[in-house]
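# Coordinate inspection notes
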Amino acid sequence: MRQYTVTGMSCAACSSRVEKAVSKVPGVTSCSVSLLTNSMGVEGTASDEEIIAAVREAGYDAAPKGGETSRGAAEGAEDEALKDLETPALKRRLIASLGFLAVLMYLSMGHMMWGWPLPSSLGDNHVAMGLAQLLLTVAVMVVNQKFFISGFKSLWHRAPNMDTLVALGSAAAFVYSTAALFAMTAAQARGDAAGVMAYMHEFWFEAAAMILALITVGKMLEARSKGRTTDALKGLMKLAPKTAVLLKDGVETSVPIEQVKKGDIFVVRPGENIPVDGVVLEGGGAVNESALTGESIPVDKAPGDRVSAATLNQSGFIKCEATRVGEDTTLSQIIQMVSDAAATKAPIAKIADRVSGVFVPVVIGISAVTTAAWLLAGESVGFALARGISVLVISCPCALGLATPVAIMVGNGMGAKNGILFKNAAALEEAGKVRIVALDKTGTITSGEPKVTDIIPASGYGEDELLRLAAALEQKSEHPLARAVLRETGERKIAAAEVSDFRALPGNGLAATLDGCALLGGNYNFISRQATVSGEMKAQSERLAEEGKTPLFFSKDGALAGIIAVADTIKEESARAVGELKNMGIHVVMLTGDNESTARAIGGEAGVDEVIAGVLPDGKESVIRRLKEKGAVAMVGDGINDAPALTRADIGIAIGAGTDVAIDAADIVLMKSRLTDVPAAIRLSRATLRNIHENLFWAFIYNIIGIPLAAGVFISLLGWKLNPMFGAAAMSLSSFCVVTNALRLNFFKMYDAGKDKKINTDHKKSKERITMEKTIKIEGMMCGHCEATVKKALEALPQVEAANVDHTAGTAVVTLKDAVQDEVLKKAVEDKDYKVVSIQ
């Protein structure tokens, strides 16, 4: 996605106009404009020149963001997108406006209503007083000329915006007052003193100036609040280090960060930030990665470990090799991801966009009809004009335009602070609508690293002696189970003896010689042929297998030494995370390629609702497709093997990707690699969506109530009459209130499960067993009798709900009510003398 900074936009109608104009450019496949950050994201083949030309043709201006900046995406984006240049300019305009307005109000209201003193040259000369008011109003209008330039320019391009409403309201009051002033001079020339006094009460100069000043107040408050919504992104950008200490020819040299290249060697001392992504070559220390992951506990780093830019080395001296620099660093990618999310639009924003596209023209029409209606009703021109101007200045398309993006920006920033990265606004909105969460087992629910869980020595052996024999045998093996055994012996500080004649026996185990004695290690079938395994030890191994553990048998000189059980244990927080998801009304499914007994043991320990085992990576995608028939599905996986399933799901969540934040398949990336961040992300999404609904409600209600009030609908019923100045004040406050409401999200506790509420769903539908299908390719079926035979054989299996057999296609599609191994299906068919070619 290419991003641009757009200038000249003042309301949702502006952003809608720019979006439509750029979308029409040949080669543009998608365009999203954010009023909040004054940014535009464009995808397609159109050139920058064509896109910028379309924006200018629509009456605005644009420039590419960042470009080839020396400091990468972070600083480029900071310089162009998020510097608050608007608030200081509005503050200067407001101070000047209030200065002129104070004098104007003294003349028009202080003297006329309360008799405040004036020089005789003004107090006794009404024409001079009128001229003074005119000049002061012109001064205020010149100070706030941006409203008129933008408003009438957009009107010329047939795309009126909020500035058009303000400009028309103020200009109408000014023109009418100027006409009254000329009429006053004519009355004075005729000597008509009563006429002169009557025209004094027709002046609306203070209203014309007050409207501009009040709208400027609202704009400044809005700009200050909008600036706070991007605090999270600004904070990330400030983390970017400015210098690095490179080691060249044994000499340390401090250089600007833009001079660091991939492959350079840099050093980091305690208390210094790591400048770029790299890998530790020498030394070690504790690195605080909370800036990126939100995890406050420092992580110990040793040679071979990866480090990321902007993290803090708290202790130890480390020498590293740069692996990612500039825009490729983890920090820069996070900034880009958060920035892209701010530049995209949530689906719910389309409601406000459609309304904003016609809002301003409709309001102008209502204003004209209101003025004409009161004139036809016999009211004075001044009264009718006041009603029409009130309609113009109370209407607020800004509130509609900001309702969604400010909440999205704050919610996205909250997620980024806590290591939860939403790739786009749609992901932040849709995550809260999830009804089913499918969890990959290895590396998601479990740690992904096998660990020793049980040590059962045989008679005559102790635990340490059994581990010593196992370590001697396993130290030359590269199998993951061997690493688990060696990790356990390392923690117990048990030294492994050297063996000779080491051999790996595929499918069986390991063999070696230790001090002239034969050592063997492997599965039950292998060891039982070499040594005597008692019934008690066999029962122990069967129990371990039922618990999802892998029993490893070890023998010495033909005698069983014992059993060591190894398993991929679940993470500490997995059960709590699954429990939180279930309490939120979400159906939790575990997908795994493991055998059924292991999968059920892990699933039972984690507390999931359903286990689907024996699913290959390419089969997970089809499972997700079927799950989607029951409701919105989120798939949680490692983002690599699970890429097809992540893409197929409504929301793909990548876990375990702390240093690889650019996983294309996922919509959400969890930097902490913690499963508890899944319910936290859903919780944050629900809170953000609720905030958006609140903002849209108040934006719509404000206009629905305000416009009739301004038009004078309630005058005859309740006697309510709205002065244009109060209308301008109300308009100013509406946008400010919407932005302030969105800022409340900063106080939302996304890890607090105490207030979780189950979403009302069809529980029967969401809790029913999720079925899956397998297609078996069969050779040898010739007729309907063959079909019936295969069908009966398959449906006799307890896991099969139904089998649809077609001898012409040579297939049997089985609907499963429980997981079943492919070998079981194959055996059922081949026992009837047919050949199974494949099972998918």
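Residues numbered from 1 in each chain as written. Predicted model: local features only at pLDDT ≥ 70, side-chain atom pairs only at ≥ 80, totals over all residues. Heavy atoms only, no water.

In this section: the overall build of the protein. Regarding its fold elements, the protein presents 32 helices and 30 strands. Here the protein, with 840 residues, has 53% of them falling under the buried criterion. Taking contacts inside the protein between residues at least 6 apart in sequence as the whole, the part at least 24 apart equals 70%. Counting every atom, the protein has about 36100 Å² of accessible surface; 56% of that belongs to carbon and sulfur. (Helix = DSSP H or I, 4+ residues; strand = E, 2+ residues; numbered from the N terminus. Buried < 20%, exposed > 50% of the residue type's maximum accessible area, 1.4 Å probe, protein only. Contact = heavy atoms within 4.5 Å. Areas by Shrake-Rupley, 256 points an atom, 1.4 Å probe, with all protein chains shown as cover.)

Quick look at helix α32 (residues 822-830) now. Taken together, the buried positions of α32 are Leu-825, Ala-828 and Val-829. Down the axis of α32, the buried set is contained in an arc of 95°. They therefore lie on one face. Turned more than 90 degrees from where α32 packs its buried face, Glu-823 and Lys-827 sit exposed. (Arc of directions from axis to C-beta.)

So, about the side chain of Lys-620. With respect to the helices and strands, Lys-620 occurs in helix α25 (residues 617-627). You can call Lys-620 buried: its relative accessible area is 6%. Contact partners of Lys-620, with chain neighbours within four places excluded, come to Asp-440, Leu-591, Val-615, Asp-642 and Ala-645.

Under the criterion given, the structure shown has 5 aromatic pairs. Seen from their ring centres, Trp-374 and Phe-383 are 5.2 Å apart, and the 80° between their planes marks the pair as edge-to-face. Relative accessible area serves as the criterion here: at 18%, Trp-374 is assigned to the buried category. The class of Phe-383 is buried, set by a relative accessible area of 17%. Above the plane of the ring of Phe-147 lies Arg-93, whose end atom (NZ or CZ) is 5.0 Å from the centre. Across from the ring centre of Phe-383, 4.7 Å away, lies the NZ or CZ of Arg-387, which sits over that ring. (Phe/Tyr/Trp six-rings, centres within 6.5 Å; stacked < 30°, edge-to-face > 60°. Lys NZ or Arg CZ within 6 Å of the ring centre and 35° of its normal.)

Attention shifts here to the packing of helix α23 (residues 574-583) against helix α27 (residues 677-711). Two elements in contact, α23 and α27, have axes separated by 8 Å at closest approach and are oriented at 30°. If you check the angle between α23 and α27, you find them roughly parallel. In this structure, α23 uses Ala-577, Glu-580 and Leu-581 to contact α27, whose residues at the interface are Val-678, Pro-679, Ile-682 and Arg-683. Broken down by class, the residue content of the contact of α23 with α27 amounts to 5 nonpolar, no polar and 2 charged. (Axes fitted to C-alpha atoms, helices over the stretch in contact; angles between N-to-C directions. Parallel < 35°, antiparallel > 145°, perpendicular 65-115°, else oblique. Nonpolar A, V, L, I, M, F, W, Y, C, P; charged D, E, K, R; others polar.)

Their axes nearest at 7 Å, the elements helix α15 (residues 381-394) and α27 cross at an angle of 165°. Looking at the two axes, α15 sits roughly antiparallel to α27. Once α15 is placed against α27, the crossing between them reads as right-handed. Along the contact surface, α15 presents Arg-387, Ser-390, Val-391 and Ile-394, while α27 presents Tyr-702, Asn-703, Gly-706, Ile-707, Ala-710 and Ala-711. Residue composition of the contact of α15 with α27, grouped by class: 6 nonpolar, 3 polar and 1 charged. (Left-handed = near helix turned anticlockwise from the far one by under 90°.)

Counting all residues, the mean pLDDT for the protein is 79, and 82% of those residues have values of 70 or more. Of all secondary-structure elements in the protein, the lowest mean pLDDT belongs to helix α30 (residues 763-767), at 39, while strand β7 (residues 265-268) reaches the highest, 93. Below a pLDDT of 50 lies the segment residues 657-662, which in the model reaches 23 contacts outside its immediate sequence neighbourhood of four places, other chains included. Taken together, the stretch residues 760-771 has pLDDT below 50 and engages in 23 contacts with residues farther than four places along the chain or on a different chain. (pLDDT = per-residue confidence, 0-100.)

Among the nonpolar cores identified, the biggest contains 53 residues, and Phe-422, Val-437, Ile-445 and Ile-668 are the most heavily contacted of them. Ranked by residue count, the leading element in this core is α27, at 8 residues. In this structure, Ile-445 is in contact with Leu-439, Asp-440, Ile-570, Lys-571, Ser-574, Met-590, Ile-602, Ala-606, Val-608 and Leu-675, ignoring residues within four places of it in sequence. Among the nonpolar cores identified, the runner-up in size contains 41 residues, and Leu-104, Met-105, Ala-180 and Trp-204 belong to it. (Core = buried A, V, L, I, M, F, W, Y, C linked by side-chain atoms within 4.5 Å.)

Relative to the helices and strands, Asp-440 is located in strand β15 (residues 436-440). Among the residues examined, Asp-440 registers a relative accessible area of 7% and is labelled buried. For Asp-440, the residues in contact, after removing those within four places along its chain, are Ile-445, Leu-591, Lys-620, Met-635, Val-636, Gly-637 and Asp-642.

For the rest of this paragraph, the subject is α15. Its 14 residues place the ends of α15 20 Å apart at the C-alpha level, agreeing with the 20 Å of an ideal helix rising 1.5 Å per residue. Across the 14 residues that make up α15, a large majority, 13, are buried. The distance from a side-chain oxygen at the start of α15 to the backbone nitrogen of Phe-383 is 3.1 Å, and the residue carrying that oxygen is Ser-380. (Expected span 1.5 Å × (residues − 1). Polar contact = N/O pair within 3.5 Å; in protein donor to acceptor, adjacent residues only side chain to side chain.)

The strand order β2-β3-β1-β4 describes an open sheet built from 4 strands, whose pairing is antiparallel. For this open sheet the edge positions go to β2 (28-34) and β4 (61-64), each flanked by a neighbour on one side alone. Ignoring which end each strand starts from, the neighbouring axes of this sheet average 25° apart. Pairing geometry for β2 and strand β3 (residues 39-44), over 6 bridges, is antiparallel. Bridging across to β3, Cys-31 finds its partner in Val-42. Each of β1 (2-7), β2, β3 and β4 is contacted by helix α2 (residues 48-57), which is oriented at about 160° to β4, the strand it contacts most. (Pairing = 2+ DSSP bridges.)

Turning our attention to the pairing of strand β24 (residues 633-637). Regular strands place their side chains on alternate faces of the sheet. In terms of burial, β24 is a largely internal element, 5 of the 5 residues being buried. Both β15 and β24 contribute to a ladder of 4 bridges, which runs parallel. Residue pairing across strands places Leu-439 opposite Val-636, the latter belonging to β24. Note: β24 against strand β25 (residues 651-655), 4 bridges, orientation parallel. Within the sheet, the bridge partner assigned to Ala-634 lies in β25 and is Ile-651.

Scanning the entire structure with this criterion turns up 20 salt bridges. Between Arg-492 and Glu-463 there is a salt bridge; the shortest N-O distance is 3.1 Å. Taken together, the residues Arg-492 in the loop between α20 (480-491) and β17 (500-505) and Glu-463 in helix α19 (residues 463-474) connect sequence positions 29 residues apart. (Salt bridge = Lys/Arg side-chain N within 4 Å of Asp/Glu carboxyl O.)

Not every positive phi belongs to a glycine, and Asp-501 is a case in point at roughly 55°. As for its placement among the helices and strands, Asp-501 is situated in strand β17. In this structure, Asp-515 is a non-glycine residue whose phi angle is positive, near 55°. Relative to the helices and strands, Asp-515 resides in the loop between β18 (509-514) and β19 (517-522). With a relative accessible area of 74%, Asp-515 lands in the exposed category.

Read across the open sheet, the 7 strands follow the order β14-β26-β25-β24-β15-β22-β23; overall the sheet is mixed. Lying at the two open borders of the sheet, with one neighbouring strand each, are β14 (420-422) and β23 (610-612). Each adjacent strand pair in this sheet contributes to an overall mean axis angle of 20°, direction not counted. Bridging between strand β22 (residues 587-591) and β23 involves 3 bridges; their strand directions are parallel. What sits directly across from Val-589, in β23, is Glu-610.

All right, on to the environment of Gln-259 then. Relative to the helices and strands, Gln-259 is located in the loop between β6 (251-256) and β7. The class for Gln-259 is partly exposed, based on a relative accessible area of 43%. Each C-alpha atom, one on Gln-259 and one on Thr-243, is 8.9 Å from the other, the two residues being 16 residues apart in sequence.

Quick look at the environment of Val-196 now. Counting through the fold element by element, Val-196 comes out in helix α9 (residues 193-200). Between the C-alpha atoms of Val-196 and Leu-181, which are 15 residues apart in sequence, the distance is 9.1 Å. Once you skip the residues sitting within four places of it in the chain, Val-196 turns out to touch His-126, Met-184, Ala-187 and Gln-188.

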